[in-house]
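Analysis of the macromolecular model
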Amino acid sequence: MSVISKFMGDWALEFSKLLDYADMIKSTNPEISCWVRIDNETQPEKYLFKYFYVCFDSLNNGWLEGYRRIIGLDSCFLKGAYKGELLVAIEKNGNQQMYPIALAVIDQETKHSWSWFLSHLIQDLELGVGDGLIIMSDMQKGLILAVQELLPNAERRMCARHIWANWQKNREMKQEEKLSGVVLRPVLSLKKDQEQQLKQHQTVNILLNNLVQLLKQCQ
């Protein structure tokens, strides 16, 4: 038996218990939102894991009762035996601390998986079609299409950190100072312009959305 198997258990066995796990969560906390999607068509007579979604009642009520109407959507890869990805809806509280709202484990990031995640999130948070809501994310095509389809009235923002990272990938710059001067200056200028506009139109001045990376470092 490997060290991982000894301490982490049988991964396949744990996945087979997901439906029981979801039922147990709901029985002990009836107000919680927990859903599992399986695939029994790809391989006949087999039930394959697709998605797992959970939104704890306390986090749901906390956002509804006291948080600004801005939600950051992001994802990261999982490092377990069966890989997959983690989707997260997240906020910042008044102390600029991370506040997770809902999360999902999926097989891969697509428009369908984001739509499934958002459909449950919309129902839990009573978002409607996005009136008065701000959605911040990266430029993942499936996510953008899902937001446009399910939350057509929401204001869309791109995370400044993701914009900077994309520029860094696409531009070959040898000196870090040059990178800071050429790339960060427009971002900081963008930040000033956005903050000025926010003072006139919105009460939210969050420009970064990469908080999910903190969760990834805990794996």
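Preceding this paragraph is the structure being described.
Being a predicted model, the structure only gives us computed values, none of them experimental.

Turning next to the side chain of His-120. One can find His-120 in helix α5 (residues 111-125). Leaving out residues up to four positions away in the same chain, His-120 has contacts with Trp-35 and Tyr-53.

This part covers the sheet that holds strand β2 (residues 48-55). Two modes of strand pairing occur in sheets, parallel and antiparallel, and in both the strands are linked by backbone hydrogen bonds. Reading across the sheet, the seven strands line up as β1-β2-β5-β4-β3-β6-β7 and stay open at both edges, with mixed pairing between neighbours. Taken across any chain shown, the strands that pair with only one partner, and hence form the sheet edges, are β1 (33-39) and β7 (155-158). Mean inter-strand twist for the sheet, computed between neighbouring axes without regard to direction, equals 20°. Contacts from helix α3 (residues 18-28) reach β1 and β2, with the element oriented near 165° to β1.

A few words on the environment of His-112. Structurally, His-112 is set in helix α5. Here the alpha-carbon distance between His-112 and Gly-142, two residues 30 residues apart in the chain, equals 7.5 Å. His-112 has contacts with Arg-37 and Tyr-51, leaving out every residue within four places of it along the chain. In terms of polar contacts, His-112 uses its side chain to reach the side chain of Tyr-51, at 2.9 Å.

Under the definition given, this model contains four salt bridges. In this structure, Lys-50 and Asp-107 form a salt bridge, with 2.9 Å as the shortest nitrogen-oxygen distance. Of this pair, Lys-50 sits in strand β2 while Asp-107 sits in the loop between β5 (98-106) and α5, and the two are 57 residues apart along the sequence.

So, how was this worked out
- Residues numbered from 1 in each chain as written.
- Predicted model: local features only at pLDDT ≥ 70, side-chain atom pairs only at ≥ 80, totals over all residues.
- Heavy atoms only, no water.
- Helix = DSSP H or I, 4+ residues; strand = E, 2+ residues; numbered from the N terminus.
- Contact = heavy atoms within 4.5 Å.
- Pairing = 2+ DSSP bridges.
- Axes fitted to C-alpha atoms, helices over the stretch in contact; angles between N-to-C directions.
- Polar contact = N/O pair within 3.5 Å; in protein donor to acceptor, adjacent residues only side chain to side chain.
- Salt bridge = Lys/Arg side-chain N within 4 Å of Asp/Glu carboxyl O.

Keep in mind that these numbers describe shape and distance, not what the molecule does.
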